[in-house]
Structures are given as structure tokens and as C-alpha cells.
Amino acid sequence: MGNWRVAIVPVLGCVLAAAWASQAAELSEPPLASATTGASSGPSQDKQSLSVDRFSREAVIALYQTVYLPGELIPMGWTGNSSSCTAGTNSVLYHQATVDRINYYRAMAGVPGNITFDDTLNAQCQEAALMMSAEDTLSHSPNPSFACYTDDGDTAAGKSNLTLGEAGPEAIDIYMEDFGLGNKAAGHRRWILYPRQTVMGSGNVPANGSNKAANALWVIGGGPASGVSQPAAWPNDGFFPKPLIVGRWSYSHPGADFSAATVTFAVNGVEQDVIPFTPQNGFGDNTIVWDPVVAQGSPGPDVVFQVTIDNFKVGEEVMSKSYEVIAIDVIDVGEGEGEGEGEDLSNLQVEVTDLSTSLPIENATVSLSPEEAPAQTENDEGIYTFSGLPLGTYTVTASAVGYKTTSGVIQLDEAEEGLALELPRSAGEGEGEGEGEGEGEGEGEGEGEGEGEGEGEVEVEGEGEGEGEGEPVTLEEAAEMLDAAFDDADANGDGVLSFSEARTEVAGLTQAQFNAMDTNNSDTLTEAELRRVIGEDSGCAGTKSGPLSWPRDLGEWLLGVLGVATFALWSRFMSPES
């Protein structure tokens, strides 16, 4: 079976974490530069730099296939041992694959792809990686009680990107994605794309026994600085590989002040919401970061994202920046952009289960949009197979008697793909009202406007209450409604809301809105995530980015309290004595 995605997968595979097979990677917060750190001062290094014409489709595809993909196949060659706290080394080829992955990303972003690894930094990072793996904890300032602690490992931890669960080239992917609430500054990515950096170090430990894989990537200082100073966007302007589209976007500009900046974001010409984050300095160049609410694009080879950043300052100059990111297919691309003879196909298996019991639903109706295959029905194991589908984005819809119709979106880019849909039961038992027909397992069957009665569950079809997509709601409205009805919406009582549970409560909720609120990329919503959206916790949401409003709101609240206290005190002194 191929890669299963639960409930609904964001378009273009925006969340790379959903594809991890054995264990989810963990990220610490990025290492923060002090006033005296960063790329070391010194003469610019003259290295042969990897570069690409990112406005050439053919060049971008070629770079992905010749530089990015080969790094997936290189073994680590670790010579260490966790039990004896032996840090060991990695093979030369593995280090080369890791630095190639770094330079690939830098070349795509338009900054010099000239990073080299220093053997001394590699050795220190190796000790840091072993410490993180052995302790099963990430820290930029580990104390001596850490398993396999060394002073060199401690030093490297303070100057490195750190991750658990991935190593080598895959760890670089994780840093570039920079997911999680603690990484709203996208600091790991900013260090990798910092134009002035020329030397880094890397240490890697594989998963062994109960220990997770780990990477430490030295990114602060370490070698002579380049004289290059230039902006960098991620995803980059020009053509961009679809498999690398991320859920967190950023734009860096040396010395820029983004405190009053706004971001306008559109997909194929249609403006979309974004979740902006307060700009944070201290990680490479100054940067503005936002999470887009990516809407579904039409199936096809390209999706075009338009970005405009307004009202940022460099010195006294107020500036604006607009660019386009064209997401393209980069794997198995043939003539005619993958269409016609030799077109790649995918087999899709859809698992349909009861939301409350997780048991398979027999004889459901499962259909695709666009209609590339006839609807599937009879199956006593809840598995419905569609064979020979062209690669692309599909909406999968499942319905069954006694259940609410549920849809999911999946991007087919593998030969074998899977999607799981959980169907909630229809509201009400024994009697249903609506304009349509009601059916029951017991006596009677009614059609038309009125009621259908029976002894079992009833399916009501048509324009009756609770049917249809529901009225459109804003992100904030959806969050408020789900927060107010959280316990009722949590049908299985697991303390989180799946998309189908949330959609049952808020009929107009879209997958894009659900993804925007799901800040930890878990495919579920917590109460804390909902309250961040409605402003009762840290974070913010909206269609334009800019400074967070909580400091202003707190100030107004304090002024209000002070005003009331002052008035009360004044009234006491001014009132006549009794």
C-alpha cells in the first residue's frame, strides 16, 4: 500500500510531515544569534557555487532530479555506538549528500550555493547529535546531566539547528519546512538560506534501539563570511517543485523592518487568507513569515501563487515586493508536461469507516471529482479501489445510508495512494424531517415534503435541515463556533476534533480553514488552537499580516482598569462625609 493520508490531505502535499512513515520528526526552536555571532567576518571565500535559472522550467526540473533526488539513496555509514557514548563519524558520501541538499535549497532561493563542511565542526556536531538522540530531548543549552554529554557537544548545540527523528538530507528538509508553534520565525530555514554563510558542520546519528535519529547542523559562524547580501523568498520566485511546497512561507531582506508590513496572497488569481506571525530578528536576515490558507487548485501541471508584501522599510525607504511562485511537476515529466502517451497513473484505495466506532462501512457509495472513474459501491470491508487514475488533485466523496456525506481532497503523485474517510452518523433516529425522502428499517416509507418514520436510523436527503455545504463562515467564526461546542463536537471523546467532527458542527467549514487552524499539522484541532485563532491565546489570524494586536489590547485593558480605579478613588474623596 502506498502513502495513506487520514481524512483530507492539503493540496499539493503542502504538509510534508504527513508523509513521514515511522516516526514524526521533532524540531527545537532555532538557535538565536547573539550580538557578536553570525557568519564570521573575514575575506569572502571563492568557491564554485551551485546555481540554477529558477525561471526556466527545464533547469528547475533538472536540478531537482540530478541534485535533490540522489541524496535520498546514500547510506549514513555511522561508526559510533550509543551504548558506549561513541559519537563516531558519517561517511564522506553522506556528508556530501547533506551539503548538496543545503546548496540545492540555497541555489533555488537565489543565494550562493557554496556551503562547505568543516571537519572540526562536523566532529562537534556529531557529539551534539549523539547527545540529543541518547537523551531523547532537544536543547541548545544542554546541561552536564544529558546522556553522553561533552563540552564540544554542548558548544555545537548552541550554534546548530537540531532535530530528532530525521538525519542528513532529510533533516535539511525538516529545517526548511520549519513547522510548529515554536518556529513562527522560520529561524532554521533562515540560517540555511543566510547569504553570508559559507561554512557549516553536520553530525548525524541513525535510529538505533529505542533512540531516535538525530541531526545537528552548525549554522552560526564557523568560517569566513561571504560579501553577498540579498533578499531570499521561500518558496522561491519562479518555478518551484510541487513536492517541496511548504505550509510556512517567508521572505527575507537584509536590514528590513517588517513590523508594519502586510502580505497579500493569491492562488491562481484568487486571493486567500494568511495567518501572519510577528517578525522576529536574530536568525540570519530580517524576515516576514506567514502561513497561507491554500485553497484547492484545479488539477493540472501548474499552480501559480502570487505574493505581494507591502509597507516594509529598508532604512527610511518604504518598499513593496511582488513575485510569483509557479509550482510544477518535477518527477516523471514527459513531453507535453506529462500528458498523452506514457502518462503516469495511480491506483487509489479509499477506506470508509464509522467515525464513532472506526468499523468499516459496507456498501457505501464513493465517487471522484473530476470523474475519472465510475463510482464504487459494494465492498464488505470498507475499501473502495479506483485504478489507473491520472496524477493530479481529486475530491473523494463517500455516502452511506444512516451517515452524513463526507468529502476529502487528495493529491495523487505516487503509483499507490490511500485515503481514509470517517463518516459521522446522521443526526436523529427513528424520525427525520425535511424536503425529500425518509427511510427506516422498520415500518413505513415516506416521500415528498413531510416526515419519514421508522424504527431505525433515518437518512434525509434534499433540502432538509442539516444538508448541503452550509453557509460560508470566516476563519474566526468557525473557530468561535467550534470552541463553544467543542465537547459536543468531539464525538469520540478523544479531546481533539477531526475534520469530519468539526464539519458536523460547522457545515460551512472548508478544508483550507481547518488546515489554517491546525497549526501543529496533526490533522486534528485542539481547544488551544481554536482559541489562538479567536484571540484568546497567543497567535493571530486574518487576511493581511501585520503586528499582533495583543499588546495594544492589553494596554487598552490596563488603561480601562486604571481609569475605573482612579474614578473610584476620586469619588471617595469628593463625596461628603456621613
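Each residue is numbered by its place in its chain's sequence as written, counting from 1. In view of the model being predicted, local features appear only for residues whose pLDDT reaches at least 70, and side-chain atom pairs are presented and counted only at 80 or more, with totals across whole chains, interfaces and linings using the full set of residues. Computation of side-chain values covers all heavy atoms of the structure but excludes hydrogens and water.

## Digging into the pairing of strand E5 (residues 199–205)
Exposure categories follow from relative accessible area, calculated using a 1.4 Å probe and restricted to protein chains: below 20% of the type maximum is buried, above 50% is exposed, and the middle band is partly exposed. A run of H or I in DSSP counts as a helix once it spans at least four residues, and a run of E counts as a strand once it spans at least two, with each numbered from the N terminus. With seven of seven residues buried, E5 is to be regarded as a mostly interior element. Along E5, one buried face is formed by Val 199, Gly 201, Gly 203 and Val 205 and the opposite face, lined by Met 200, Ser 202 and Asn 204, is buried too. Pairing geometry for strand E3 (residues 116–117) and E5, over two bridges, is parallel. The residue bridging Thr 116 from the neighbouring strand is Val 199, located in E5. Two strands are counted as paired when DSSP detects at least two bridges linking them. Where E5 and strand E6 (residues 214–218) come together, five bridges link them in antiparallel fashion. Looking at the pairing, Gly 203 lines up with Ala 216 of E6.

## Overview of the packing of helix H2 (residues 92–109) against helix H5 (residues 168–177)
Where H2 meets H5, the closest approach of the two axes is 8 Å, and the angle between their N-to-C directions is 25°. Considered as vectors, H2 and H5 are oriented roughly parallel to each other. As for the relative orientation of H2 and H5, their crossing is right-handed in sense. Residues Tyr 94, Ala 97, Thr 98, Arg 101, Ile 102 and Tyr 105 of H2 pack against Gly 168, Pro 169, Glu 170, Ile 172, Asp 173 and Met 176 of H5. In the scheme used here, Gly and all other residues not listed as nonpolar or charged are polar, with Ala, Val, Leu, Ile, Met, Phe, Trp, Tyr, Cys and Pro taken as nonpolar and Asp, Glu, Lys and Arg as charged. Split into classes, the residues belonging to the contact of H2 with H5 amount to seven nonpolar, two polar and three charged. Axis definition: a line fitted to C-alpha atoms, limited for helices to the stretch in contact. Angles are taken between N-to-C directions and run from 0 to 180 degrees. Oblique is the label for every angle not falling under 35 degrees (roughly parallel), over 145 degrees (roughly antiparallel), or within 65 to 115 degrees (roughly perpendicular). Helix crossings fall into two classes, left-handed where the near helix is turned counterclockwise from the far one by less than a right angle and right-handed where it is turned clockwise. Contacts are assigned to residue pairs with any non-hydrogen atoms lying within 4.5 Å of each other.

## Here's the deal with the side chain of Asn 161
Tracing the sequence through the fold places Asn 161 in strand E4 (residues 160–164). Among residues more than four places away in sequence, those in contact with Asn 161 are Pro 31, Tyr 175, His 188, Trp 191, Ile 192, Asn 215, Ala 216, Leu 217 and Val 219.

## Overview of the confidence of the model for the protein
Looking at the protein as a whole, its pLDDT mean stands at 77, while 73% of the residues score no less than 70. Note that residues 573–578 has pLDDT below 50 and, in this model, zero contacts with residues that lie over four places away or in other chains. One number per residue, pLDDT, summarises how confident the predictor is, and it ranges from 0 to 100.

## What to know about the nonpolar core
Counting 67 residues, the largest nonpolar core has Trp 290 and Ile 309 as its most contacted members. The leading source of residues in this core is H2, at seven residues. Of all hydrophobic cores here, the second largest spans 25 residues; its members include Ala 87, Ala 129, Phe 146 and Ala 214. The set of buried Ala, Val, Leu, Ile, Met, Phe, Trp, Tyr and Cys residues whose side-chain atoms join them within 4.5 Å is what this entry labels a nonpolar core.

## Quick word on the sheet that holds strand E18 (residues 365–369)
An order of E18-E20-E21 is seen for the three strands of this open sheet, with the pairing classed as antiparallel. The strands lining the two open edges of the sheet, one partner per strand, are E18 and strand E21 (406–412). The average undirected angle you get between the axes of adjacent strands in this sheet is 25°. Across five bridges, the pairing between E18 and strand E20 (residues 392–399) is antiparallel. Counted as the bridge partner of Ser 369 is Thr 395 from E20.

## Observations concerning the state of the cysteines
Two cysteine sulfur atoms form a disulfide, by the criterion used here, when they sit within 2.5 Å. Going through the model one piece at a time under the given rule, you end up with one disulfide. Two residues, Cys 85 and Cys 148, share a disulfide whose sulfurs are 2.1 Å apart. Torsion about the S-S bond of the Cys 85 and Cys 148 cystine: about -75°, corresponding to left-handed handedness. Of this pair, Cys 85 sits in the loop between helix H1 (57–68) and H2 while Cys 148 sits in the loop between helix H3 (119–135) and helix H4 (151–158), and the two are 63 residues apart along the sequence.

## Considerations on the pattern of salt bridges
Salt bridges are counted wherever a side-chain nitrogen of Lys or Arg sits within 4 Å of a carboxyl oxygen of Asp or Glu. Tallying each qualifying case throughout the model produces ten salt bridges. Here Asp 173 makes a salt bridge to Arg 101, at a shortest N to O gap of 2.9 Å. Here the residue Asp 173 occupies a position in helix H5, and Arg 101 occupies one in helix H2, the gap between them amounting to 72 residues. Across the pair, Arg 101 and Asp 173 agree in class, each one buried. For the salt bridge of Asp 483 with Arg 531, the shortest nitrogen-to-oxygen distance reads 2.9 Å. Remark: Arg 531 occurs in helix H12 (residues 527–533) and Asp 483 occurs in helix H8 (residues 475–484); sequence separation between them is 48 residues. For Arg 531, a relative accessible area of 31% puts it in the partly exposed group.

## Re the packing of aromatic side chains
In this description, a pair of aromatic rings is defined by centroid distance and the angle of the planes. Aromatic pairing here means that ring centres of Phe, Tyr or Trp (its six-membered ring) are within 6.5 Å. Orientation follows from the plane angle: under 30 degrees is stacked, over 60 is edge-to-face, and everything else is tilted. Applying the stated criterion across every chain yields a total of 16 aromatic pairs. Between Tyr 64 and Tyr 104, the aromatic rings sit 6.5 Å apart at their centres with planes inclined by 70°, giving edge-to-face as the arrangement. Pair noted here: Tyr 64 is in helix H1 and Tyr 104 is in helix H2, with a separation of 40 residues, a long-range link. Relative to Phe 240, the ring of Trp 234 has its centre 5.0 Å away and its plane inclined at 75°; by these criteria the two rings are edge-to-face. Assessed through its relative accessible area of 0%, Phe 240 is described here as buried. An aromatic cluster of three or more residues is present, and its members are Tyr 64, Tyr 68, Tyr 104, Tyr 105, Trp 234 and Phe 240. Only lysine NZ and arginine CZ atoms are considered, and such an atom sits over a ring when it is within 6 Å of the ring centre and within 35 degrees of the ring normal. Directly above the aromatic system of Tyr 68 lies the positively charged group of Arg 101, at a separation of 3.8 Å from the ring centroid.

## Remarks on the environment of Gly 388
Along the chain, the position of Gly 388 falls in strand E19 (residues 383–390). Taking C-alpha positions, Gly 388 is 9.0 Å from Ala 415, a pair spaced 27 residues apart along the chain.

## What about the side chain of Glu 529?
Topologically, Glu 529 is positioned in helix H12. Since its relative accessible area comes to 1%, Glu 529 is described here as buried. Of note is the side chain of Glu 529, whose polar atom sits 3.0 Å from the backbone nitrogen of Thr 526. Leaving out residues up to four positions away in the same chain, Glu 529 has contacts with Met 517, Asp 518, Thr 519, Asn 520 and Thr 524. Polar contact is defined as a pair of N or O atoms within 3.5 Å, subject to the rule that within protein one atom must be able to donate a hydrogen and the other to accept it, and that residues adjacent in sequence are counted only when both atoms are side-chain atoms.

## Observations concerning the sheet that holds E4
Taken together, the five strands give an open sheet; going across it, the order is E2-E4-E6-E5-E3, and neighbouring strands pair in mixed fashion. Unpaired on one side and paired on the other, strand E2 (26–27) and E3 mark the two borders of the sheet. Docked against the sheet, H5 engages E2, E4, E5 and E6, running at close to 70° with respect to E6.

## Here we look at the packing of H3 against H4
Put simply, H3 and H4 touch, their axes get as near as 7 Å, and they point 90° apart. Between H3 and H4, the angle is such that the two are roughly perpendicular. Mapping the contact onto sequence places Gln 124, Cys 125, Glu 127, Ala 128, Met 131 and Met 132 in H3 and Asp 152, Gly 153, Asp 154, Thr 155, Ala 156 and Ala 157 in H4. Its residues assigned to classes, the contact of H3 with H4 shows six nonpolar, three polar and three charged.

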